[in-house]
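Geometric and topological summary
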Amino acid sequence: PRDDARLEAPIERKPLELSPLPQPPSVTVTPGAFPGIPAGPLAVVVARPQGDARADVRPAITFNKPIAALGESAAPSGFTITPADEGEWRFIGSSSVEFVPKELLPFATSFEVAVPGDLKAIDNTTLKAPHTFRFETLRPRLSSTNPESGWRWLPREPTLALTFNQPVKDLDKHARVLVNGRA
């Protein structure tokens, strides 16, 4: 037998009583107190790239100790890239940051990345001084020619084709063709 009256009766629900979470307790971390986090000042362990860089570049810096809690959602601040480029700095874990450009960084450009000297690790130690490093994106390079270098026979009205490793702007204003060492 089925009790239809009981099935159709509305269930009375009481609203949940929610109260705000308490403030998190303040935490003081003593330098050298955690295993795996070295005592002493914060230091840059790796900064890359340096010198000549390839096409898809994401400058990254790794420190000798955590500078943020795991899962930190706030963007790292104080890091700069010059010339400025559209993009954002992001944490990679707790001890590294990287610059993620919105688009590829421009080719044939020298960049400088700066880390602020007042950057703090989670144990409140700071860098001894600001840290900078430089890199340069790919410069144009001739990949191939048609006809090939050393080709001895050409048609009466030859066509010259140059292939570069990237788009080249205003090539006709900057190119100089030599045949047998003469322009």
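Scroll up for the structure.
In this text, all values refer to a predicted model and were calculated from it rather than measured experimentally.

1. Some remarks on the environment of Ala 129
With respect to the element layout, Ala 129 can be found in the loop between strand 7 (110-115) and strand 8 (131-136). Among the residues examined, Ala 129 registers a relative accessible area of 41% and is labelled partly exposed. Along the chain, Ala 129 and Leu 42 lie 87 residues apart, while their C-alpha atoms are 9.9 Å from each other.

2. Points about the pattern of salt bridges
Using the criterion set out here, one finds six salt bridges in the structure. Lys 102 is paired through a salt bridge with Glu 86; the nearest N and O atoms lie 3.2 Å apart. Of this pair, Lys 102 sits in the loop between strand 6 (96-101) and strand 7 while Glu 86 sits in the loop between strand 4 (80-82) and strand 5 (87-92); the two residues are 16 residues apart in sequence, bridging distant segments of the chain. Each member of the pair, Lys 102 as well as Glu 86, carries the same accessibility label: exposed. For Glu 88, the salt bridge goes to Arg 90, with nearest N and O atoms at 2.7 Å. Overall, Arg 90 belongs to the partly exposed group, its relative accessible area being 38%.

3. Let's talk about the sheet that holds strand 4
Sheet architecture is open: four strands sit in the order 2-8-7-4, paired in mixed fashion. For this open sheet the edge positions go to strand 2 (51-52) and strand 4, each flanked by a neighbour on one side alone. When strand 4 meets strand 7, the two strands line up antiparallel, connected through three bridges. Residue pairing for strand 7: Thr 80 is matched across the bridge by Ala 114.

4. A word on the sheet that holds strand 5
Reading across from one edge, 1-3-6-5 is the order of the four strands in this open sheet, with antiparallel pairing throughout. Lying at the two open borders of the sheet, with one neighbouring strand each, are strand 1 (44-48) and strand 5. Sheet twist, expressed as the mean angle between neighbouring strand axes with direction ignored, is 15 degrees. Sheet topology places strand 1 next to strand 3 (residues 60-63); four bridges connect them, and they run antiparallel. Its bridge partner lying in strand 3, Ala 47 is registered against Ile 61.

Basis of the calculations
- Position numbers for residues start from 1 in each chain and track the written sequence from start to end.
- This being a predicted model, a pLDDT of at least 70 is required before a residue's local features are given, and a value of 80 or more before pairs of side-chain atoms are given or counted; all residues contribute to the totals for chains, interfaces and linings.
- Side-chain numbers here rest on the full set of heavy atoms in the structure, without hydrogens or water.
- Only DSSP runs of H or I with at least four residues qualify as helices, and only runs of E with at least two residues qualify as strands; both kinds are numbered from the N terminus onward.
- Three exposure classes are used, based on accessible area relative to the maximum for each residue type with a 1.4 Å probe and protein chains only: buried under 20%, partly exposed in between, and exposed over 50%.
- Salt bridge, as used here: a side-chain nitrogen of Lys or Arg that lies within 4 Å of a carboxyl oxygen of Asp or Glu.
- At least two DSSP bridges between two strands are needed for those strands to be called paired.
- A fitted line through C-alpha atoms serves as each axis, taken over the contacting stretch for helices, and the angle formed by two N-to-C directions is quoted from 0 to 180°.

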